[in-house]
Amino acid sequence: MRFLILILSSLLLTIGCSNTVKQNQKPFLFSYELNKVEPKHQKEIDPWLQSAKNDPEVKIYSYETKDGYKYSYVKGYKDVEVSYIYSNNEGKLKQRFIKGSNDDEILVEVKYNKSICCSTNIYETDDNNI
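Values in this document were obtained by computation on a predicted structure and should not be read as measured data. (Residues numbered from 1 in each chain as written. Predicted model: local features only at pLDDT ≥ 70, side-chain atom pairs only at ≥ 80, totals over all residues. Heavy atoms only, no water.)

## Structural notes on the sheet that holds strand β1 (residues 30-34)
Phase 1: What the 4 strands build is an open sheet, ordered β1-β6-β3-β2; its pairing is antiparallel. Each edge of the sheet is formed by a strand with only one pairing partner; in this case those strands are β1 and β2 (60-64). Each strand of the sheet is rotated relative to its neighbour by a mean of 15°, with strand direction disregarded.
Phase 2: Sitting on the sheet, helix α2 (residues 42-54) touches β2, β3 (69-75) and β6 (105-112), and the angle it makes with β3 is about 25°. (Pairing = 2+ DSSP bridges. Helix = DSSP H or I, 4+ residues; strand = E, 2+ residues; numbered from the N terminus. Axes fitted to C-alpha atoms, helices over the stretch in contact; angles between N-to-C directions. Contact = heavy atoms within 4.5 Å.)

## Examining the environment of Glu81
Phase 1: When you line up the elements, Glu81 lands in strand β4 (residues 77-87).
Phase 2: On the basis of relative accessible area, Glu81 is assigned to the partly exposed category, the value being 42%.
Phase 3: Considered as a pair, Glu81 and Arg96 are 15 residues apart in the sequence and their alpha carbons are 5.1 Å apart.
Phase 4: Setting aside its immediate chain neighbours within four residues, Glu81 contacts Lys94, Gln95, Arg96 and Ile98. (Buried < 20%, exposed > 50% of the residue type's maximum accessible area, 1.4 Å probe, protein only.)

## Regarding the packing of aromatic side chains
Phase 1: Tallied over the entire structure, the rule returns 3 aromatic pairs.
Phase 2: The cationic tip of Lys70 hangs over the ring face of Tyr112; the distance from NZ or CZ to the ring centre is 5.1 Å. (Phe/Tyr/Trp six-rings, centres within 6.5 Å; stacked < 30°, edge-to-face > 60°. Lys NZ or Arg CZ within 6 Å of the ring centre and 35° of its normal.)

## Remarks on the pattern of salt bridges
A side chain of one charge can pair with a side chain of the opposite charge when the charged atoms of the two come close.
Phase 1: Under the defined criterion, the tally for this structure stands at 9 salt bridges.
Phase 2: Across the salt bridge formed by Lys36 and Glu109, the nearest N and O atoms sit 3.6 Å from each other. Of this pair, Lys36 sits in the loop between β1 and α2 while Glu109 sits in strand β6, and the two are 73 residues apart along the sequence.
Phase 3: Across the salt bridge formed by Arg96 and Glu124, the nearest N and O atoms sit 3.7 Å from each other. Taken together, the residues span a long stretch of sequence, with Arg96 in strand β5 (residues 90-99) and Glu124 in strand β7 (residues 120-125) at a distance of 28 residues.
Phase 4: Since its relative accessible area comes to 24%, Arg96 is described here as partly exposed.
Phase 5: What you see here is one network of salt bridges that share partners, running through Glu33, Lys36, Glu38 and Glu109. (Salt bridge = Lys/Arg side-chain N within 4 Å of Asp/Glu carboxyl O.)

## Quick notes on the nonpolar core
Phase 1: Counting 12 residues, the largest nonpolar core is built from Val74, Tyr77, Val80, Val82, Leu93, Phe97, Ile106, Val108, Val110, Tyr112, Cys117 and Cys118.
Phase 2: Elements that contribute at least two residues to this core include exactly β4, β5 and β6.
Phase 3: Residues in contact with Val80, not counting those within four places in the same chain, are Tyr32, Leu34, Gln95, Arg96, Phe97, Ile98, Ile106 and Val108.
Phase 4: Core analysis: the next-biggest nonpolar cluster, separate from the first, contains 10 residues, Val37, Ile45, Leu49 and Tyr71 among them. (Core = buried A, V, L, I, M, F, W, Y, C linked by side-chain atoms within 4.5 Å.)

Interpretation note: all reported values are geometric properties and have no functional meaning in isolation.
Rendered as structure tokens:
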């Protein structure tokens, strides 16, 4: 009988501890990388990126996939700061581009959790040109 109580107590303690760890873990929100394209998106991104590079008029191009990726291409900027903003019960993805030379260009790949993030995109620059 003691053995059975000991086993049940150990089991309950183990289950309780594992639930506490899971509750304290934060869900994945977003990650980003520069000048990278997911291999599974290569066929759709290559023509889009070529079109963006050939367009002399538009400064920023963006492309969103159905599986939670956003790509941004910008000419004349050398770096980006990506952040998540939550306001008015909505999660927004903000990309702030850092000015470079006319020859600079940047491709940003953002992977995000579609259940939490990012129906709205905010694009800005440190020189207020976009």
